[in-house]
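What follows is the residue order along each chain.
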Amino acid sequence: MKPVFEKVPKRQWESFHCEVVRALDYGTRWHFHPEYQLTLAIESRGHRVVGDNIGALTDGDIVLIGSNLPHVWHQDTSAKSRRVNAIIVRFDEDFLGRDFMALPEMEPVKRLLQRAARGLEVRGPARAVVTEHMKRLANSEGLGRVIELLAILNALAQSEDLKALASSNYEPKLESADQGRMERVIDFIHTHLTEEIDRERLAKLAHLSLGAFSRFFHSRTGKTVPQYVNEVRIGRACGMLAEDVSNITDIAMDCGYRNLANFNRRFREVMGTTPSAYRQKFRGMAGK
């Protein structure tokens, strides 16, 4: 999945870009850009891909993306009456000037941005703090925007609840060639997620032999096709389990698994727990 370079639409009068997304989906494909990115999914269900990591998207999800780290957020369009409500902030490391970042007080933030090279999921108490600052940032102008972003970076730099996402040995290929080839393959996988995914069909879409396609896909995603498909399906299942609107058997079928035993086994491989235990965790958080 070779990502495409994206130019962030920063305007002349701003030192960094803030975008509020209220739509049926995020409107992006797998891409990268030199700016750091902080995404708050206020309301969303689906999955996100950060480097070679695939995770579930649920309400309140926050992730900090490092410079030139490939990523995409996928909204599950099958979710009934669900739209994306998200805030996305993109900024350069020196958005306040190189001298500012060189100040000794900024050293914790510099370390934070270095850690963001793998992508960082925000958890724990910092999540609520960052959420409030991002909402205020989206409604601020002038110096107020800068103050809110600095407050966010300070909260993240002090947090001990940041989870690295991409593998430590992940090395993305950032050339934009072959973009159309990978778009056809990935679009087919996501469109036919509940069906059997035939690798020969994918190879034909990519105009490659089966062996060449397998090498091509793995070199760009860090995963085999079955691994990628399974993790996307589990990511979708996690969102459905968190919403607590369907029984586990129906969720398994809706995510492309033909029997419950196989779903339970694959879910445990990816998440390290059972679907029922995963759902129970969210029920506990919601006080149900």
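Let me begin by describing the structure that accompanies this report. Given the structure is predicted, the values throughout are model-derived calculations rather than measurements. (Residues numbered from 1 in each chain as written. Predicted model: local features only at pLDDT ≥ 70, side-chain atom pairs only at ≥ 80, totals over all residues. Heavy atoms only, no water.)

Our focus in this paragraph is the overall build of the protein. Of the regular secondary structure elements, the protein holds eleven helices and eleven strands. Per-residue burial for the protein yields a buried fraction of 47% across its 288 residues. Of the contacts made within the protein by residues no fewer than 6 positions apart, 73% connect residues no fewer than 24 positions apart. For the protein, the exposed surface amounts to about 14,100 Å²; the carbon and sulfur share of it is 48%. (Helix = DSSP H or I, 4+ residues; strand = E, 2+ residues; numbered from the N terminus. Buried < 20%, exposed > 50% of the residue type's maximum accessible area, 1.4 Å probe, protein only. Contact = heavy atoms within 4.5 Å. Areas by Shrake-Rupley, 256 points an atom, 1.4 Å probe, with all protein chains shown as cover.)

This part takes up the sheet that holds strand β10 (residues 120–122). Taken in spatial order, the six strands of this open sheet run β2-β9-β4-β7-β10-β11, and their pairing is antiparallel. Each edge of the sheet is formed by a strand with only one pairing partner; in this case those strands are β2 (17–23) and β11 (162–164). Across the sheet, the axes of successive neighbouring strands diverge by a mean angle of 20°, strand direction being ignored. Looking at chain direction, strand β4 (residues 36–43) and strand β9 (residues 84–91) are connected through seven bridges and run antiparallel. Paired with Tyr36 across the bridge in β9 is Phe91. Strands in contact with helix α4 (residues 143–158) are β2, β4, β7 (61–65), β9, β10 and β11; relative to β9, the strand with the most contacts, it is inclined by about 90°. (Pairing = 2+ DSSP bridges. Axes fitted to C-alpha atoms, helices over the stretch in contact; angles between N-to-C directions.)

Applying the stated criterion to the full structure yields ten salt bridges. Notably, a salt bridge pairs Arg98 with Asp94, separated by 3.8 Å at the nearest N-O pair. Classification of Asp94 as partly exposed rests on a relative accessible area of 31%. When the shortest N-O distance is used, the salt bridge between Glu148 and Arg136 registers 3.3 Å. (Salt bridge = Lys/Arg side-chain N within 4 Å of Asp/Glu carboxyl O.)

In this structure, Val185, Ile189, Leu202, Phe213, Phe217 and Tyr228 are the most contacted members of the largest nonpolar core, which totals 36 residues. Counting 30 residues, the second largest nonpolar core, distinct from the first, contains Phe16, Cys18, Val130 and Leu149. (Core = buried A, V, L, I, M, F, W, Y, C linked by side-chain atoms within 4.5 Å.)

All right, on to helix α3 (residues 125–138) then. For α3, with 14 residues, the first-to-last C-alpha span of 21 Å sits near the 20 Å given by 1.5 Å per residue. Within α3, burial applies to Ala126, Val130, Thr131, His133, Met134 and Leu137. (Expected span 1.5 Å × (residues − 1).)

Attention shifts here to the packing of aromatic side chains. Within this structure, the stated rule accounts for eight aromatic pairs. Measuring from ring centre to ring centre gives 5.9 Å for Phe91 and Phe95, while their planes differ by 70°; the resulting arrangement is edge-to-face. Phe95 shares its class with Phe91; the two are buried. When the centroid spacing of 5.8 Å and the interplanar angle of 65° are considered together, the rings of Phe263 and Phe267 count as edge-to-face. Of the two residues, Phe263 and Phe267 are both situated in helix α10 (residues 260–271); the distance of four residues between them amounts to about one turn of the helix. Residue Phe267 is classed as buried on the basis of its relative accessible area, which comes to 0%. Among the aromatic side chains, those forming a connected cluster through ring pairs are Phe16, Tyr36, Phe91 and Phe95. Above the face of the Phe16 ring, Arg145 is positioned so that its terminal group lies 4.4 Å from the ring centre. (Phe/Tyr/Trp six-rings, centres within 6.5 Å; stacked < 30°, edge-to-face > 60°. Lys NZ or Arg CZ within 6 Å of the ring centre and 35° of its normal.)

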